[in-house]
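Structure at a glance
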Amino acid sequence: MSTPAPHRRRWAALAALLTAEAMNLLDATIVQVAAPRMRAELGGPVSAVPWLTSAYTLPFAVLLLTGARLGDRTGRRRVFRIGVAGFLLASLACAVAPTLGALIAFRAVQGAAAALIVPQTIGLIKAMFRGDETARALGSIGPVMGLAAVCGPVLGGVLTHADLFGSSWRAVFLVNVPLSLAVLVLVPLLAEDRAPRRPGIDPAGTALAALATALLVLPLLRSGRGLTDGPALASLAAGCAVAVLFAAHQRRGARRGRGTLVETSLFGSARFPAALLCSALFFGAGTGLTLVVVLQLQVGSGADALTAGLTLLPCSAGMAAASWCAGAHLVGRYGSRVRSAGLAVMAAGVVATAGAFGVGGHPALLPCALAVVGVGQGLFTPSFFTAALHPLRPQEIGSAAGLLNAVQQFGTTLGVAALGRTYLASADTAGAQRACWAALAALALVTVAGRAMRAGGDPDAVEGPDVTGSPGAGPAESEAAPEPAAEPLESTHAR
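Model, not experiment: these values are computed from the prediction. (Residues numbered from 1 in each chain as written. Predicted model: local features only at pLDDT ≥ 70, side-chain atom pairs only at ≥ 80, totals over all residues. Heavy atoms only, no water.)

A word on the overall build of the protein chain. A tally of helices and strands in the protein chain yields 17 helices and zero strands. For the protein chain, restricting intrachain contacts to residue pairs at least 6 apart in sequence, the fraction spanning at least 24 positions comes to 82%. If you sum the accessible surface of the protein chain, you get close to 17800 Å²; carbon and sulfur atoms cover 66% of it. (Helix = DSSP H or I, 4+ residues; strand = E, 2+ residues; numbered from the N terminus. Contact = heavy atoms within 4.5 Å. Areas by Shrake-Rupley, 256 points an atom, 1.4 Å probe, with all protein chains shown as cover.)

This is the structure in structure tokens:
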């Protein structure tokens, strides 16, 4: 049987896919820097700032696997186009939002649209490219996402500070308009692709996952209330109960041969659940710490958005450089030891960040401390995702990658809520330091969960490519494992 010819307009089509991926990551990092200004101009309590991130990541996490199944079922190009159009309209709505509540609601729509866009990329690339070109196309994801991760904080600070035509923070959403329009113009160049068999989309499973996530996260996002009062405890208990119900629903669906959101065989041992716990804790700590830095600089110290963006730049640059180096040179040689080294370096950076906050004002050592945090993140992610996905069977790769990505976004939401709440209890340097210690405790738990991964067969040296996506957004989209690549793809981190 002859191999099908590659798609005729594949390289221009690839540009559309990469632009959409970069746009989703850029939107998250831009908004984090501009969030305090949004709250200041629209009114509302400072405790509402974490919602501007969580409102995006919650629907993204919950709907990611469903978005992947919709692409498998109805066509990846079609779902990709719908997602980009929805993201464009939601961005315009965010730019003209009259109140903070409306802005948060429109951010949720953005997250839902992103859940339709992101899972389609690898499937469309594999449909359009053949042979060595597939590896080149997949390998282009990491550098593009790394560039977006580096540019996001600076661009958010520059646009907000520049106040172009009186737009203030609204310009950070208007950036998405020309990018989305360019992608939509190029969408007809994409090859349509769908799964050979039409999988079920499991609406009941999606509803249970959404309900469990909301019940677990909402108590952390409530302003001015403790976690030990009756409503908070009831919500957390109900969330755990619904999560158990979701797991039972998935197992029952698998036994009856119905479509499910996840492959239940992934939970046959402790290794993959340990990987999920690592993903949630690690990316929650990293993204939550970023929010704390932005809040302390702008709310606690009175700095502007540009200063906050430039302060975060060394973290993004360190992460992108270390992620490329680890994926291209270190993981294949040293395996899980790179992950351990990354955790240690990041922990040292968090301690240094707490020390820098202790100086008060605009600490000159803070960018250096954040650079160390970024290097640690960059070393950890390629090794982690490679080890998490490498031992799995081919039929499990797609579900595992999508589930890791969804749990990463869920961890991001929890991290923003928990560390943001810790800081906002006092909104000063002492609160920032307490948030750093909380992030350090989360990294200690990552170390414990990492041991469970190794006990389940995590290799010391991993052969083959890293099958993850870009720095910033999680493992590769919910698809089958990509063909062997000339260079490992970089893994992604929180949006």
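With that out of the way, let us pick up the pattern of salt bridges. One pass over the structure, following the stated rule, counts three salt bridges. Ionic pairing is found between E41 and R37, a salt bridge with its closest N-O pair at 3.6 Å. Taken together, the residues E41 and R37, both in helix α1 (residues 10-42) and four residues apart, mark about one turn of the helix. What makes E41 partly exposed here is its relative accessible area of 44%. Here R37 falls in the partly exposed class, since its relative accessible area comes to 24%. One salt bridge in this structure joins R76 and D72, with 2.5 Å as the shortest N-O distance. Residue R76 is classed as buried on the basis of its relative accessible area, which comes to 5%. D72 gets classed as buried once you look at its relative accessible area, which sits at 13%. (Salt bridge = Lys/Arg side-chain N within 4 Å of Asp/Glu carboxyl O. Buried < 20%, exposed > 50% of the residue type's maximum accessible area, 1.4 Å probe, protein only.)

In this model helix α11 (residues 230-255) runs 38 Å from its N-terminal to its C-terminal C-alpha over 26 residues, within 8% of the 38 Å that 1.5 Å per residue would give. Taken as a whole, α11 has its buried residues at A232, S235, G239, V242, F246, H249, Q250 and G253. The positive-phi residue at the C-terminal boundary of α11 is G257, with phi of around 75°. (Expected span 1.5 Å × (residues − 1).)

Here the focus is helix α13 (residues 305-334). Bending of α13 peaks at approximately 50° at the position of A326. Backbone nitrogen of L306 and a side-chain oxygen of the N-cap are separated by 3.3 Å at the start of α13; the cap is D304. One or two steps after α13, the chain reaches G335, where phi turns positive at roughly 60°. (Bend = angle between axes of the 7 residues up to and from the residue. Polar contact = N/O pair within 3.5 Å; in protein donor to acceptor, adjacent residues only side chain to side chain.)

Attention now moves to a positive patch on the surface. On the surface, R251, R252, R255, R256 and R258 cluster together to form a positively charged patch. Tracing the chain through its elements places R252 in helix α11. The partly exposed category is assigned to R252, whose relative accessible area is 31%. (Patch = residues over 30% accessible without salt bridge, like charges linked within 9 Å, V, L, I, M, F, W, Y side chains within 5 Å. Lys, Arg positive; Asp, Glu negative; His and termini not counted. Charge placed at Lys NZ, Arg CZ, Asp CG, Glu CD.)

What follows is about the environment of V372. Secondary-structure assignment places V372 in helix α15 (residues 366-389). V372 sits in the partly exposed class, given a relative accessible area of 31%. Counting along the chain gives 58 residues from V372 to P314, while the straight-line C-alpha distance between them is 8.5 Å. Apart from the residues within four sequence positions on either side, V372 is in contact with V345, M346, A348 and G349.

Excluding glycine, residues mostly have negative phi values, and the peptide bonds linking residues are mostly trans. In this structure, S168 takes a positive phi of about 50° despite not being glycine. Overall, S168 belongs to the buried group, its relative accessible area being 5%.

Turning to the packing of aromatic side chains, a few remarks are in order. Two descriptors summarise a pair of aromatic rings, namely the distance from one centre to the other and the angle between the planes of the rings. Following the criterion strictly, the structure yields nine aromatic pairs and no others. With centroids separated by 4.8 Å and ring planes inclined at 70°, the aromatic side chains of W11 and F129 adopt a geometry described as edge-to-face. Of this pair, W11 sits in helix α1 while F129 is found in the loop between α5 (121-128) and α6 (132-139), placing the two residues 118 residues apart along the sequence. We classify W11 as partly exposed; its relative accessible area is 36%. (Phe/Tyr/Trp six-rings, centres within 6.5 Å; stacked < 30°, edge-to-face > 60°.)

As a further point, take the nonpolar core. Ranked by size, the top nonpolar core spans 92 residues in total, and within it M38, L103, F173 and L404 carry the most contacts. Membership of the second largest hydrophobic core comes to 38 residues, among which are L17, Y56, F80 and F129. (Core = buried A, V, L, I, M, F, W, Y, C linked by side-chain atoms within 4.5 Å.)

Mapped onto the elements of the fold, G123 is located in helix α5. With 47 residues separating them along the chain, G123 and R76 place their C-alpha atoms 7.5 Å apart.

Once that is clear, we can look at the packing of helix α2 (residues 49-74) against helix α3 (residues 76-95). Look at α2 against α3: their axes get within 8 Å of each other, and the N-to-C directions meet at 150°. When the interaxial angle is binned, α2 and α3 end up roughly antiparallel. For the pair formed by α2 and α3, the contact residues are Y56, G67, L70, G71, D72 and T74 on the first element and R76, R78, V79 and F87 on the second. A per-class count over the contact of α2 with α3 returns four nonpolar, three polar and three charged. (Axes fitted to C-alpha atoms, helices over the stretch in contact; angles between N-to-C directions. Parallel < 35°, antiparallel > 145°, perpendicular 65-115°, else oblique. Nonpolar A, V, L, I, M, F, W, Y, C, P; charged D, E, K, R; others polar.)

When pLDDT is averaged across the protein chain, the result is 81; 84% of the residues are at 70 or more. Ranking the helices and strands of the protein chain by mean pLDDT puts α3 first, with 95, and α6 last, with 74. Below a pLDDT of 50 lies the segment residues 461-473, which in the model reaches 69 contacts outside its immediate sequence neighbourhood of four places, other chains included. In this model residues 476-495 is a low-confidence stretch, pLDDT under 50, and it forms 113 contacts with partners more than four residues away in sequence or in other chains. (pLDDT = per-residue confidence, 0-100.)

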